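# Structural overview for review
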Amino acid sequence: MTISQQQFDNPKQGELASDVFDIAVIGAGVVGCAVARRFTLEGAKVAIIEKASDILDGASKANSAILHTGFDAPINSIELACVKDGYLEYTKIHKQLGLPLEKIGAYVVAWNEDELAALDDIKAKAHQNGIKNARIISAKLLAQKEPHLAKNALGAVFIPDEAIIDPWSAPYAYLHQAIENGAQIFLSCQVISGDFDKDIWQLKTTLGTIKTRYVINCAGLYGDRLNKVLLGHSSFNITPRKGQFVIFDKAASNLANSIILPVPTPRTKGLVVCKTIFGNLLVGPTAEDQSSRSNSSTDEATLKGLIKAGIAKIPSLKDMPITATYAGLRPATQYKDYQIEIEPKNNWISVGGIRSTGLSGALGIAKYVYKKYSSLGQKHDKINRPKLPKPTPLLAQNSKRAQNSKRDWQEKDHGEIICHCEMVSKREILAALTGALKANSMAGLKRQTRATMGRCQGFYCSSHVTEIADSYFNKSKKQKLKNE
Amino acid sequence: MNKAQQIDVAIIGAGPAGLSASIELKRLGIKRVVVLERENEAGGIPRHCGDFPFGMREYGRVLTGTKYAKKLVKSAKNAGVEIWLSTSVVEMRRGGHLLLVTNEGTKEISASRIIYACGVREKTRSARLISGDRVQGVLNTGALQQMVYLRNQKPFENPVIIGSELVAFSAIRTCSHAKIKPVAIIEEADKVIARWPVELYAPLMQIPLHRSSKLIKIIGSNKVSAVEIKKSNGQIKTIKCDGVILCGHFIPESSLARLGHLEIDPATNGPIIDQFGRCSDPVYYAAGNILRPVETAGWCWNEGKQIANWVALDLASKLQSRHILTKIEVSKNVKLAVPQCLTGIKENIGMSHIQLRFDRLMKGKLILSNDDEVIYSRNLSVFPQRRILISLSDIKDLATIKENSPIKVEFIEA
Ligand SMILES: Cc1cc2nc3c(=O)[nH]c(=O)nc-3n(C[C@H](O)[C@H](O)[C@H](O)COP(=O)(O)OP(=O)(O)OC[C@H]3O[C@@H](n4cnc5c(N)ncnc54)[C@H](O)[C@@H]3O)c2cc1C
Ligand SMILES: Cc1cc2nc3c(=O)[nH]c(=O)nc-3n(C[C@H](O)[C@H](O)[C@H](O)COP(=O)(O)OP(=O)(O)OC[C@H]3O[C@@H](n4cnc5c(N)ncnc54)[C@H](O)[C@@H]3O)c2cc1C
């Protein structure tokens, strides 16, 4: 749902919730979801506020879905600490939360002599960052491990623990767990302004006022703006950095066994070639600075360039059909490192500039932020036995995303297959349209189920999916009107 | 249904090709013929073609696609064909084993022969690499037809139509059925591809035709609000609209083969077949638009019927083995050829023609050669997406063709 200008000019008066929250997390991207979970588990009363009708509508909507080890993160950075911690926690909780993890490893491949010479430094940095099992392998071994790679690869650094995950079900599971343990979510709710009286923040939103003791700004691409509007200043400025992708057909996924990385430049990690948890093969992302915070358009020339670059690395991609193209926006700032700042006198924590490793770092960032917060003497009663998200066919399927394991369509009584390309069952679609984090838009439904995201992009099923979804969307629209 | 009874022929896809093959197989006395269809209704693409003309070849009269599909299904049922609905084939395995998914879960079946008949779809926005915003309201004709004819949905009011293949005509008709008013038809070539009826019908519906124009950008924030087109003279024009219908650029729905073991022809994107419709694994045959983009329902129906005859011969061990005699290779201006190989030609059976397709309008000479010797040539004009047939009986010395040396098909522009 978009917010009308009128709503924007005149935020709704009146209280949206009568209680005063301990924490209001602004922004339900992957970072906000992880932060909401951490603070809830630590015993805080948490509100999470998102302007879009569904979560993950900003930077977190499109990424490479790699769970990084931190092998190439800047030494001694906050980013490194958070990514390592995030990786660790993900590997600990993923089974419990029903989240997939495929540790397929990564090769940083050298394609020329200069890059070959750089491999030693990459390995040394990885070791310094604590990724001790990173090692250099010869061109010959690389060719054995990756037989489809172009023959001009000269060698690589192998990082065995780099992994791929599902970029959407992970934050959904974090937030589901937060909600299950008491957090409250406000969707289609944009924070417009706020007043702070040295104790309590009154956040004015498009849906009404929300009161909270502390605010955590996780507004991603809008983090600097939110700081400026509510605090009057921001120590960083966001310049979105677009990344375009090409996704090849599932038949291409066995052309790369591991994540194929280039030798990075100071600006970007460069073009990745890797399979996705959904069994496709991805080539991207580009790194294009832009001023728009919402324009994630793609362009033909760039996409053609990506395809060419993909084929240069894996020649057999030549005959592979393309399933999808898309772009994501990184919340980049003038700094390299994460911008995590706490302003005790304003009861404000700003978590900004989580540029290109937020999916990996989110759980670590959440811990890091909580530590900072508690070091100020803030305390809650930690939940002793936190509840897990309620099992639904949807959550059940997440852990089964990894290929070769059972998904809902393989079980009895899934209803019928609605999306044939991604094998999405009716039961899964209905699960995504109900419950605490039900989809409120087609985009949200797609992120939760992948319906219409496969090779035919809705040729066969979009009408069917629309029919099922619309009856739910209309129901909640009517409900809303009644309540108003 | 007798579970223990061996399935003689399993057919994947209940479109015109699959259904007609099934009917013919029953007519030829094949005992157990099962059609597997993943939708909850049989009939294939024609189910949602609410328009004419279907059925001339099959029923001797003009029907809407919807009626035609119903009639085909009825004929099949009357013939004793088993149609299993809501049954997706998810794996084709060597030797005739299929993995199926139904509401009961997964199960494996085996059949003596399998006919692969999954049809075509249109190329998506993503695969066409179209620039611009990622917004709602960009559809292929097929999706639009399903919305309008199967579910009474109206996705937009004033879309632009991209492409002028025959299916653009269906798009216009579908729109008019739903009281949707297209604001433009945009064709990259300097000529309309399906001159009749698009060129005739567009003015009638007062839809401006933009030739030599390429869609270069889709604009919108949530939904489509405009498109940008570029004329061949470089001029850029913005057209306001609330939807985009992407027509044509057909591509066989051959993912089962791609993910499995059957060899694929990169030119057709369908399975490689011999003149009997037989695939690289000789238990598998293929028929209909899975073979190539794109033919009419009538053609596919006929193809299914013919191939059923060769499958029946094969079941009776009366078909020669699949020992490739010669491959048919396209080069120079020729987009595709079906079949892709010949396996013995002495018997007077099998497809009577080689089917060819071209990408653009050209005048010139079509030449077939084998081992550097010209075995066929003809002067002609070719049109984009239109079929050209070469009768096998017109090819010189086909019986003495040099084995293991391909037949090369080329087109020399005048
Ligand atoms: C091309 C690309 C590739 C990437 N690849 C990887 C990868 O492989 N691995 C990895 O770990 N990371 C990767 N990343 C990085 C990762 O995606 C980001 O770091 C992460 O998504 C940032 O999340 P966020 O929660 O900070 O921001 P966002 O996802 O932008 O979340 C902010 C949310 O706040 C909401 N919001 C904003 N303002 C308001 C307001 N006033 N009121 C209410 N709500 C508001 C927004 O709607 C949004 O939902 C990649 C990123 C891109 C773009
Ligand atoms: C949008 C569009 C419009 C068209 N309009 C016309 C027209 O107006 N006139 C005309 O003559 N032709 C038209 N055609 C051409 C059309 O392809 C043919 O008319 C005809 O439908 C081809 O028959 P077929 O049997 O090869 O395939 P289809 O009719 O496509 O049938 C294939 C069947 O296989 C099923 N299937 C696919 N995969 C599986 C699987 N894994 N498991 C089980 N079942 C599966 C499908 O659900 C479908 O029912 C159109 C095509 C398209 C795409």
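Residues numbered from 1 in each chain as written. Chains lettered and ligands numbered in written order. Predicted model: local features only at pLDDT ≥ 70, side-chain atom pairs only at ≥ 80, totals over all residues. Heavy atoms only, no water.

## What to know about the overall build of chain A
Helix and strand counts for chain A stand at 13 helices and 21 strands. Relative to the globule expectation of 23 Å for 484 residues, the C-alpha radius of gyration of chain A, 22 Å, shows essentially globular dimensions. Across its three principal axes, chain A shows a C-alpha extent of roughly 65 × 50 × 45 Å. Taken across its 484 residues, chain A has 60% of its residues classed as buried. (Helix = DSSP H or I, 4+ residues; strand = E, 2+ residues; numbered from the N terminus. Rg over C-alpha atoms; globule rule 2.2 N^0.38 Å. Buried < 20%, exposed > 50% of the residue type's maximum accessible area, 1.4 Å probe, protein only.)

## A look at the sheet that holds strand β25 (residues 407–413) of chain B
Reading across from one edge, β20-β18-β25-β22-β23 (chain B) is the order of the five strands in this open sheet, with mixed pairing throughout. Single-partner strands in this sheet number two, and they are β20 (341–342) and β23 (373–382) of chain B. (Pairing = 2+ DSSP bridges.)

## Things to note about the domain arrangement of chain B
Residue and element names in this part refer to chain B. Under the domain assignment, chain B is made up of domain 1 (7–121 + 251–322), domain 2 (124–248) and domain 3 (343–413). A C-alpha centroid distance of 26 Å is found between domain 1 and domain 3. Domain 1 puts 19 residues into the contact, and the matching count from domain 3 is 11 residues. Carbon and sulfur atoms make up 50% of the area that domain 1 and domain 3 hide from each other, which totals about 1,200 Å². Interface area lost by domain 1 to domain 3 is led by Gln-275, Trp-299 and Gln-320, which between them contribute 42%. Our enumeration of links across domain 1 and domain 3 arrives at two salt bridges. Joining domain 1 to domain 3, the criterion identifies nine residue pairs in polar contact (both at pLDDT 80 or more). In terms of residue class, the side of domain 1 that touches domain 3 is built from nine nonpolar, four polar and six charged. (Domains from an automatic or database assignment. Contact = heavy atoms within 4.5 Å. Buried area = accessible area lost by both parts, 1.4 Å probe. Salt bridge = Lys/Arg side-chain N within 4 Å of Asp/Glu carboxyl O. Polar contact = N/O pair within 3.5 Å; in protein donor to acceptor, adjacent residues only side chain to side chain. Nonpolar A, V, L, I, M, F, W, Y, C, P; charged D, E, K, R; others polar.)

## Digging into the interface of chain A and chain B
Between chain A and chain B, the residue contacts involve 44 residues of the former and 42 residues of the latter. Summed over both partners, the interface of chain A with chain B buries about 3,500 Å², with 53% contributed by carbon and sulfur atoms. Remark: the boundary between chain A and chain B carries two salt bridges. Where Glu-300 of chain A meets Lys-214 of chain B, a salt bridge forms, and the shortest distance between an N and an O atom there is 2.9 Å. On the surface where chain A and chain B come into contact, there are 18 residue pairs in polar contact (both at pLDDT 80 or more). Within the residue set of the side of chain A that touches chain B, elements represented by two or more residues are α8 (300–313), β17 (322–330), α12 (442–449) and α13 (462–483) of chain A. When its residues are assigned to classes, the side of chain A that touches chain B shows 15 nonpolar, 17 polar and 12 charged.

## Focus on the environment of Ser-88 of chain B
Mapped onto the elements, Ser-88 of chain B comes out in strand β4 (residues 88–93). You can call Ser-88 of chain B buried: its relative accessible area is 4%. Considering only alpha carbons, one finds Ser-88 of chain B and Gln-306 of chain B, 218 residues apart in sequence, at a separation of 25 Å. Setting aside residues no more than four positions away along its own chain, Ser-88 of chain B makes contact with Ile-417 and His-420 of chain A together with Arg-38, Leu-99, Leu-100 and Val-101 of chain B.

## Some remarks on the environment of Pro-266 of chain B
Inspection of the secondary structure assignment puts Pro-266 of chain B in the loop between α7 (255–259) and β17 (284–286). Between the alpha carbons of Pro-266 of chain B and Ser-164 of chain B there is a distance of 24 Å; along the sequence they are 102 residues apart.

## Here's the deal with unusual backbone geometry
The amide bond that connects Pro-293 of chain B to the next residue, Val-294 of chain B, takes the cis arrangement and shows omega of -20°. Its location among the elements puts Val-294 of chain B in the loop between β17 and α8 (297–315). Note the cis peptide between Val-338 of chain B and Pro-339 of chain B, where omega equals 0°. Topologically, Pro-339 of chain B is positioned in the loop between β19 (336–338) and β20. The phi angle at Asp-413 of chain A is positive, at roughly 55°, despite the residue not being glycine. Assignment of secondary structure puts Asp-413 of chain A in the loop between α10 (393–399) and β20 (417–419). What makes Asp-413 of chain A partly exposed here is its relative accessible area of 47%. A positive phi is found at Gln-457 of chain A, a non-glycine position, where the angle reads about 50°. Considering the arrangement of structural elements, one finds Gln-457 of chain A in the loop between α12 and α13. On the basis of relative accessibility, which here comes to 27%, the residue Gln-457 of chain A falls in the partly exposed class.

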